[in-house]
Amino acid sequence: MRFAISNGPVFADGQMLDGHAVVVAEGRIEAIVPAGDLDPAVDTVDLAGAMLVPGFIDVQVNGGGGALFNDDPSVETLRTIAAAHHRFGTTALLPTLISDSIPKIREAVQAVDAAIAAGVPGIAGIHIEGPFLNVERKGTHDPKAIRTLDDEGFDAITGLSCGKTLVTLAPEVTDEKRMDQLRQSGVIVAAGHTDATFAQMEKAFAAGVSGVTHLFNAMSQITPREPGVVGAALANPQCWCGIIVDGFHVDPVALRLAIKAKGGLDRFLLVSDAMPPVGHDRKDFELNGETIFASGGVCRRADGTLAGADLDMASAVRNASTLLDLTIGDAIRLATQNPAQFIGLDAEMGRISPGLRANLVALDDQRRVLRTWIDGKEIFDGGR
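Residues numbered from 1 in each chain as written. Predicted model: local features only at pLDDT ≥ 70, side-chain atom pairs only at ≥ 80, totals over all residues. Heavy atoms only, no water.

Q: How would you summarise the packing of helix α4 (residues 176-184) against helix α5 (residues 198-207) if you had to cite specific residues and measurements?
A: For the pair α4 and α5, interaxial distance at closest approach is 8 Å and the crossing angle is 35°. Along this stretch, α4 crosses α5, giving a crossing that reads as right-handed. In this structure, α4 uses Glu176, Met179, Asp180 and Arg183 to contact α5, whose residues at the interface are Lys203, Ala204, Phe205, Ala206 and Ala207. Split by residue class, the contact of α4 with α5 holds 5 nonpolar, no polar and 4 charged. (Axes fitted to C-alpha atoms, helices over the stretch in contact; angles between N-to-C directions. Helix = DSSP H or I, 4+ residues; strand = E, 2+ residues; numbered from the N terminus. Left-handed = near helix turned anticlockwise from the far one by under 90°. Contact = heavy atoms within 4.5 Å. Nonpolar A, V, L, I, M, F, W, Y, C, P; charged D, E, K, R; others polar.)

Now the structure itself:
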């Protein structure tokens, strides 16, 4: 199957191209050519002025479409979650399991393997967020599920046959040898829900931790005599920082300061931390036996504690542009190229470039999603 997408600006390899077309063949980007050079015989999709950008990559998706991954780790649940996020331009995601039992982790890993084998569009692996966390920084995670990482846990979180595995853990309650074993097993390790000191984080980086999960949230902060996890993440030039840009989780001023402290955008990536209300009319759901309410764009427990987010990636991109004073190109980069690099998929996706998978999104002038393609197949058309 070969076709072209034309008649709109194309955000290709970090620059906006006018008057160009993207040629897609066999699910990949074949070429980017001046629109006037297109073969008239090639079928062409008319963007009608919409902007063509790389598909968004979200490494932290708890739910969507009314479904929570923890409730039913199955292929059908993953279909529902992925389809909800396709509407918002997400073409690759890591379904995220919130702290749960070892049997539930195994079930979730098996579901992701089965979903990838079945060709469920957009499933790129799994994010296991907990239960190897610090109970003092549990947030909305179930304290009864939190435990240390032992052989049983290690076997469970390294069981994925295909796709990427990201694990969020608290370094101060995890043996450094274990973190190194995870790295050697190909697992991407992030620190989160942690009260680690700066010194403990430095050891964790050496042992295999490569990023932090939702910077500023559920971690030790910068203080005059202890820089904590936040200070360690900003001081280490190699540390990736996931950020939730919804205006609730972190004040935009703090995020702008973090970007300046780190010297730019190279190691930041947008995440949604999405919960079931994303892409669904119902705005309440159950988590650990408690009802969570989504209102005004934020999910909270009855006591006011944040419980994930009512955020999609298209909104995160718009928010990054307006709240963080970024160009739309830089905001898109935080949702595409950077997360692809973080999870080691940048040779396959994250940019519009010849040879990469044709994971593409058309945005209108308000940066809302009009159409979404995965591997050259249109999976969402907002005009239908």
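Next comes the rest of the description.
Q: How would you summarise the packing of aromatic side chains if you had to cite specific residues and measurements?
A: Under the counting rule described, the total for this entry stands at 1 aromatic pair. Relative to Phe342, the ring of Trp240 lies with its centre 6.0 Å away and its plane at 50°, an arrangement referred to as tilted. Taken together, the residues span a long stretch of sequence, with Trp240 in strand β16 (residues 240-243) and Phe342 in helix α10 (residues 337-342) at a distance of 102 residues. Comparing Trp240 with Phe342 shows no difference in burial state: the two are buried. (Phe/Tyr/Trp six-rings, centres within 6.5 Å; stacked < 30°, edge-to-face > 60°. Buried < 20%, exposed > 50% of the residue type's maximum accessible area, 1.4 Å probe, protein only.)

Q: Run through the sheet that holds strand β17 (residues 268-270), naming residues and quoting values.
A: To summarise the sheet geometry, strands pair through backbone hydrogen bonds and adopt either a parallel or an antiparallel arrangement. Taking strand neighbours across the sheet as the criterion, the 8 strands line up as β8-β11-β12-β13-β14-β15-β16-β17 in an open arrangement whose pairing is parallel. Either end of the sheet is taken by a strand with one partner, and the two such strands are β8 (56-61) and β17. Neighbour-to-neighbour, the strand axes of the sheet open up by a mean angle of 25°, direction not taken into account. Direction of pairing for strand β13 (residues 164-169) relative to strand β14 (residues 188-191): parallel, over a ladder of 4 bridges. Across the sheet, the residue bridging to Val167 is Val189, located in β14. (Pairing = 2+ DSSP bridges.)

Q: Please provide a residue-by-residue account of unusual backbone geometry, values included.
A: A cis geometry characterises the amide bond from Gly130 onward to Pro131, with omega recorded as 15°. Examined against the element boundaries, Pro131 turns out to sit in the loop between β12 (125-129) and α3 (151-157). Positive phi outside glycine occurs at Asp273, with the angle close to 55°. Relative to the helices and strands, Asp273 resides in the loop between β17 and β18 (284-287). In the Ramachandran plot, Arg367 falls in the positive-phi region, its phi being about 65° despite a non-glycine side chain. Classification of Arg367 as partly exposed rests on a relative accessible area of 26%.

Q: Run through the pattern of salt bridges, naming residues and quoting values.
A: Taken as a whole and assessed by the stated rule, the structure comprises 19 salt bridges. Arg178 is paired through a salt bridge with Asp151; the nearest N and O atoms lie 2.4 Å apart. Within this pair, whereas Arg178 is found in helix α4, its partner Asp151 is found in helix α3, the two being separated by 27 residues in sequence. The residue Arg282 makes a salt bridge to Asp284 at a minimum N-O spacing of 3.0 Å. (Salt bridge = Lys/Arg side-chain N within 4 Å of Asp/Glu carboxyl O.)

Q: Can you tell me about the side chain of Asp246, naming the residues and giving the values?
A: Structurally, the position occupied by Asp246 is in the loop between β16 and α7 (252-262). At a separation of 2.8 Å, a polar atom in the side chain of Asp246 contacts the side chain of His249. With near-sequence residues (within four places) excluded, Asp246 lies in contact with Ala309, Leu311 and Asn319. (Polar contact = N/O pair within 3.5 Å; in protein donor to acceptor, adjacent residues only side chain to side chain.)

Q: Kindly report on the sheet that holds strand β1 (residues 2-6), identifying the contributing residues and their values.
A: Across the sheet, which stays open at both edges, the 4 strands sit in the order β5-β4-β1-β6 with mixed pairing between neighbours. Sheet topology places β5 (28-34) and β6 (43-46) at the edges, where each strand pairs with a single neighbour. Strand-to-strand twist in this sheet, taken as the mean axis angle between neighbours without regard to direction, amounts to 25°. Here β1 runs beside strand β4 (residues 20-25); their pairing, made up of 4 bridges, is antiparallel. Bridge assignment links Ala4 to a residue of β4, and that residue is Val23.

Q: Residues and numbers for the environment of Leu47, please.
A: Along the chain, Leu47 falls in the loop between β6 and β7 (51-54). With 158 residues separating them along the chain, Leu47 and Phe205 place their C-alpha atoms 44 Å apart. Setting aside chain neighbours within four positions, we find Leu47 in contact with Ile5, Ser6, Asn7, Gly8, Leu52, Ala362 and Trp373.

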